[in-house]
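# A closer look at the structure
Okay, here's what each chain looks like letter by letter:
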Amino acid sequence: MKKRLIVIGGVAAGMSAAAKARRTDRDLEVVVCEKGAFISYAACGMPYYLAGDIPDHRDLIVRTPQQMAKQGIDVRLHHQVMAIDAETRTVAVRDLEHGNDLSLTYDDLVIATGARPARPSLEGSDLEGIFGLRSLESGLALHRYLAERKPQRAAIVGGGYIGIEMAETFRRLGLQVTMIVRSGKVLRATVDDDIRKLVQSELDRHNVQVLQDVPVSFEGEGKLEAVITAGGRYDCDIAVLGMGAVPNIELALDAGVRLGPAGAIATDASMRTNLPGIFAAGDCAEALHLVTDRPAYIPLGSTANKQGRVAGENAAGGQALFGSIAGTMVLRCFDLTVATTGLTAAAAQDVGLPVSETTIQAKNISHYFPGAEDIHVKLVVHPDTGKLLGGQIAGKHGVAKRIDVLATALFNRMTIAQLRQLDLSYAPPFAPVWDPILVAANVAAK
Ligand code: FAD
């Protein structure tokens, strides 16, 4: 009899798992239950779809259920898994379109339920015009609201990367933008103060007002008219919640799946949970941090795809292992690119590591070449061992390629002395003879 794999959730982790499982075992029956209307899309592209760079939301879709069916994967849209019975290896599923309940047995199960935007339980937070951006449906709803209601003033609650990307989107669409950030520090968990200053001044340059404040309620007659904060009242006709992601772990927890210290599903390197035959991957799961060697929750699409692939391969009988994460990410804030990998100095200190910090400013390409611009490189180093703990880079061009150099150095647990020795590329249009990474490493070595 054919074995059956059920995957819960059909985006980055879930579809990677389903596709890899089918490729690993051609005889495996693979069923994906997705409660929403879409699968396999690039949520990361939504701010750019909303800004009009990507004209059609269908361009964000990587694979349709019909394409998956050709690969032998049975995708069931609008099917929400309501409960997992790990004893009988059965899931209870609700067909949300037709209102039917069904029960499906599995040999193996991949939980890829992702995350949801953190929502404050504040008065008025269900008013029309308040959005959390996560699923493609939420992106389409926001797109429709912008087109139909033509809002003029946006409030963004939270200062994480989605908040920043949406601030750019709204400004490009001509809206006034106020960001309400509890700590007053945008990208608080992502960069240190010196790099944050550059982000803040880019936001200032583009007339994004950042307030150190907390929302206490939303006001309006049916639809949003203002956000009331501890410090005042801000008129707005659209708001986006960018307060971080909350892992969807309730289903797993009810089934007896163990959580880790960071509050998401704990797995081993093969993406197995504590329950036999049950794997977890993506934004609902933790990952081992490369630098701290501790479980961490840094939900990113890059990680979700890789973890999903490992879970899928192993659920089909393979032997794949997922390594660790460094939380490497890059984002655009108007004309500035900001990137990070590993630990910030603040995060390193939080886990009790001594740090030495070096930040340099250099040209991104040869200084005499047209278009040369400043780039800022920060290295966080363990002062006793000389080991790189993390890096942050901000500038206009050449940021993404350089953060990947630092991520690779972290992966290989390199010291500053080794980083200085790297044979990095040089030609005037692309890099100076002393690449900013090498300049930073040389300064850090002193
Ligand atoms: P999700 O994408 O959350 O998918 C989980 C799916 O499971 C959902 O479709 C949900 O409906 C379904 N589900 C949940 N519970 C059930 C259930 N009980 N039954 C059936 N189905 C269920 N990451 C980057 O690395 N780089 C970026 O630039 C970047 N930009 C982003 C920009 C935005 C605006 C957003 C929202 C995210 C961005 N991310 C980025 C993060 C990235 O999109 C996520 O890390 C990734 O989508 C996680 O994939 P996932 O499959 O684990 O979870």
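This text gives an overview of the structure that appears in the document. Remember, predicted model here, so these are calculated numbers, not experimental data. (Residues numbered from 1 in each chain as written. Predicted model: local features only at pLDDT ≥ 70, side-chain atom pairs only at ≥ 80, totals over all residues. Heavy atoms only, no water.)

Summing up its helical and strand segments, the protein chain has twelve helices and 25 strands in all. A globule of 446 residues ought to have a C-alpha radius of gyration of about 22 Å, and the protein chain, at 23 Å, matches this closely. For the protein chain, the spread of C-alpha atoms along the principal axes amounts to about 65 × 55 × 40 Å. Pairs at least 24 apart in sequence give 61% of the contacts found in the protein chain among residues at least 6 apart. Where the 46 positive side-chain charges of the protein chain centre and where its 49 negative ones centre are 4 Å apart. (Helix = DSSP H or I, 4+ residues; strand = E, 2+ residues; numbered from the N terminus. Rg over C-alpha atoms; globule rule 2.2 N^0.38 Å. Contact = heavy atoms within 4.5 Å. Lys, Arg positive; Asp, Glu negative; His and termini not counted. Charge placed at Lys NZ, Arg CZ, Asp CG, Glu CD.)

Side chains D108 and V110 of strand β7 (residues 108-111) all project onto a buried face; the interleaved residues L109 and I111 project onto the opposite face, where all are buried too. Of the strand pairs in this sheet, strand β1 (residues 4-8) and β7 are connected by four bridges, and their pairing is parallel. Note on β7: the bridge partner recorded for V7 is V110. One ladder, built from three bridges, connects β7 with strand β18 (residues 278-280); its direction is parallel. Looking at β18, one finds that I111 is bridged to A280. (Buried < 20%, exposed > 50% of the residue type's maximum accessible area, 1.4 Å probe, protein only. Pairing = 2+ DSSP bridges.)

For the rest of this paragraph, the subject is a nonpolar patch on the surface. A cluster of nonpolar side chains, contributed by Y368, F369, Y426, V433 and W434, occupies part of the molecular surface with about 560 Å² of accessible area. Tracing the chain through its elements places Y368 in the loop between β23 (356-363) and β24 (374-381). Y368 sits in the exposed class, given a relative accessible area of 51%. (Patch = residues over 30% accessible without salt bridge, like charges linked within 9 Å, V, L, I, M, F, W, Y side chains within 5 Å. Areas by Shrake-Rupley, 256 points an atom, 1.4 Å probe, with all protein chains shown as cover. Salt bridge = Lys/Arg side-chain N within 4 Å of Asp/Glu carboxyl O.)

Let us look at the site of the ligand. Every one of the 31 residues lining the ligand counts as a neighbour, but A13, E34, R134, D283 and G301 are closest to it. Contacts to the ligand include V81, whose backbone N or O atom sits 3.0 Å from a nitrogen atom. A distance of 3.5 Å separates an oxygen atom of the ligand from a polar backbone atom of A112. Protein chains shield 89% of the accessible area of the ligand, which is 1,000 Å² for the free molecule. For the shell around the ligand, the secondary-structure elements that each account for two or more residues are α1 (12-24), β4 (79-85), α5 (161-172) and α8 (301-315). Per-class residue counts for the shell around the ligand are 18 nonpolar, eight polar and five charged. (Near = heavy atom within 4 Å. Polar contact = N/O pair within 3.5 Å; in protein donor to acceptor, adjacent residues only side chain to side chain. Nonpolar A, V, L, I, M, F, W, Y, C, P; charged D, E, K, R; others polar.)

On the basis of which strands lie adjacent, the open sheet formed by five strands has the order β9-β16-β10-β11-β12 and parallel pairing. Of all strands in the sheet, those with a lone pairing partner are β9 (130-132) and β12 (208-212), marking the two edges. Strand-to-strand, the axes of this sheet are offset by a mean angle of 20°, without reference to chain direction. Pairing between strand β10 (residues 153-157) and strand β16 (residues 238-241): four bridges, direction parallel. Looking at β16, one finds that A154 is bridged to I238. Lying on the sheet, α5 is in contact with β10, β11 (176-181), β12 and β16; it crosses β11 at an angle near 165°. (Axes fitted to C-alpha atoms, helices over the stretch in contact; angles between N-to-C directions.)

The terminal C-alpha atoms of helix α4 (residues 136-149) lie 20 Å apart, and with 14 residues this matches the ideal 20 Å at 1.5 Å per residue to within 8%. Of the surrounding secondary structure, the elements contacted by the buried residues of α4 are α2 (46-50), β9, α5 and β16. Residue K150 follows α4 closely and has a positive phi angle near 45°. (Expected span 1.5 Å × (residues − 1).)

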